[in-house]
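One-letter residues, chain by chain:
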Amino acid sequence: MKAAEGTARQINDFLRAALSRTWRSKIGYLFAKNAFKALRDKLDPNKSNGGVFLGLNGIVVKSHGGTDAEGFAYAVDVGYEMVRYDLLTKINRMLNRDGSPPPTAPTAQEAVS
């Protein structure tokens, strides 16, 4: 995750330098400004905050350590959506080739005790 963020940051720096080099590139940037904004929003680490760990008997979402409140809220939303749409059961059913029901994950209370 960190490597991808660093690569995105470096590409951003390269693009910024290239697009400010000549008057033609500056004009080109003006035409593509909205596309660059949409791409920046799509790659915003706060909005894609929350790495999901699969292979566990429960929902685990790892948030970036240096994120702000908005980024943390996005990570919580990821976990909420996984529970809401019963993603673990769907994954288990897809992986169980014999059609047997998936093993049940422990409840939050069981996991703590």
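Residues numbered from 1 in each chain as written. Predicted model: local features only at pLDDT ≥ 70, side-chain atom pairs only at ≥ 80, totals over all residues. Heavy atoms only, no water.

Participant: It is not clear to me how the overall build of the protein should be interpreted in this structure. Could you clarify?
Facilitator: When helices and strands are tallied, the protein shows five helices and two strands. Mapped from its N terminus to its C terminus, the protein presents α and β elements in the order α-α-β-β-α-α-α. Here the protein holds 113 residues, and 14% of them are scored as buried. (Helix = DSSP H or I, 4+ residues; strand = E, 2+ residues; numbered from the N terminus. Buried < 20%, exposed > 50% of the residue type's maximum accessible area, 1.4 Å probe, protein only.)

Participant: Where do I start with the packing of aromatic side chains in this structure?
Facilitator: The relation between two aromatic rings is expressed through the spacing of the ring centres and the mutual angle of the planes. Per the stated rule, a full pass over the model turns up one aromatic pair. Taking 5.8 Å as the distance between ring centres and 25° as the angle between the ring planes, the aromatic pair formed by Tyr29 and Phe36 counts as stacked. A residue is classified by how much of its surface remains accessible, and Tyr29, at 29% relative accessible area, is partly exposed. Exposure remark for Phe36: the relative accessible area of 24% places this residue in the partly exposed category. (Phe/Tyr/Trp six-rings, centres within 6.5 Å; stacked < 30°, edge-to-face > 60°.)

Participant: Could you clarify how one ought to interpret the pattern of salt bridges in this entry?
Facilitator: It is possible for side chains of opposite charge to pair when their charged atoms get near one another. Under the definition given, this model contains one salt bridge. Taking the shortest distance from any N to any O, the salt bridge between Arg84 and Glu81 comes out at 3.6 Å. On the criterion of helical spacing, the pair formed by Arg84 and Glu81 is a turn pair, its members being three residues apart in helix 3 (residues 69-84). With relative accessibility at 31%, the residue Glu81 sits in the partly exposed group. (Salt bridge = Lys/Arg side-chain N within 4 Å of Asp/Glu carboxyl O.)

Participant: Looking at this structure, I do not really get helix 3. What am I missing?
Facilitator: Three or four residues apart is the spacing at which side chains of an α-helix point the same way, because the helix has 3.6 residues per turn. With 16 residues, helix 3 extends 22 Å between its outermost C-alpha atoms, agreeing within 8% with the 22 Å of an ideal straight helix rising 1.5 Å per residue. For helix 3, the full list of buried residues reads Gly71, Ala75, Gly79 and Met82. All buried residues of helix 3 fall inside an arc of 85° around its axis, so they share one side. Of the exposed residues in helix 3, those oriented more than 90 degrees away from the buried face are Ala69 and Val83. (Expected span 1.5 Å × (residues − 1). Arc of directions from axis to C-beta.)

Participant: Would you take a moment to explain the environment of Gly51 for this structure?
Facilitator: Its location among the elements puts Gly51 in strand 1 (residues 51-52). Among the residues examined, Gly51 registers a relative accessible area of 14% and is labelled buried. On a C-alpha basis, the gap between Gly51 and Ser63 in space is 6.5 Å, while along the polypeptide they are 12 residues apart.

Participant: Looking at this structure, how should I read the environment of Ser48?
Facilitator: Of note, Ser48 is situated in the loop between helix 2 (23-42) and strand 1. Sequence separation of Ser48 and Val78 is 30 residues, and the distance between their C-alpha atoms is 9.1 Å.

Participant: Before we go on, may I ask you to explain the confidence of the model for the protein in this structure?
Facilitator: Parts of the prediction with low pLDDT should not have their coordinates interpreted in detail. Overall, the prediction assigns the protein a mean pLDDT of 80, with 81% of residues at 70 or greater. Element-level mean pLDDT values for the protein span from 60 in helix 5 (residues 108-112) up to 88 in helix 3. (pLDDT = per-residue confidence, 0-100.)

Participant: I keep staring at a nonpolar patch on the surface and nothing clicks. Help me out?
Facilitator: Among the surface-exposed residues, Trp23, Ile27 and Phe31 lie close enough to one another that they form a single nonpolar patch of about 430 Å² accessible area. Looking at the element boundaries, Ile27 is found in helix 2. (Patch = residues over 30% accessible without salt bridge, like charges linked within 9 Å, V, L, I, M, F, W, Y side chains within 5 Å. Areas by Shrake-Rupley, 256 points an atom, 1.4 Å probe, with all protein chains shown as cover.)

Participant: Please explain unusual backbone geometry as it appears in this structure.
Facilitator: Comment: phi is negative for the bulk of residues other than glycine, and the bulk of peptide bonds are trans. Non-glycine residue Asp86 carries a positive phi angle of around 50°. Considering the arrangement of structural elements, one finds Asp86 in the loop between helix 3 and helix 4 (87-95). Residue Asp86 is classed as partly exposed on the basis of its relative accessible area, which comes to 39%.

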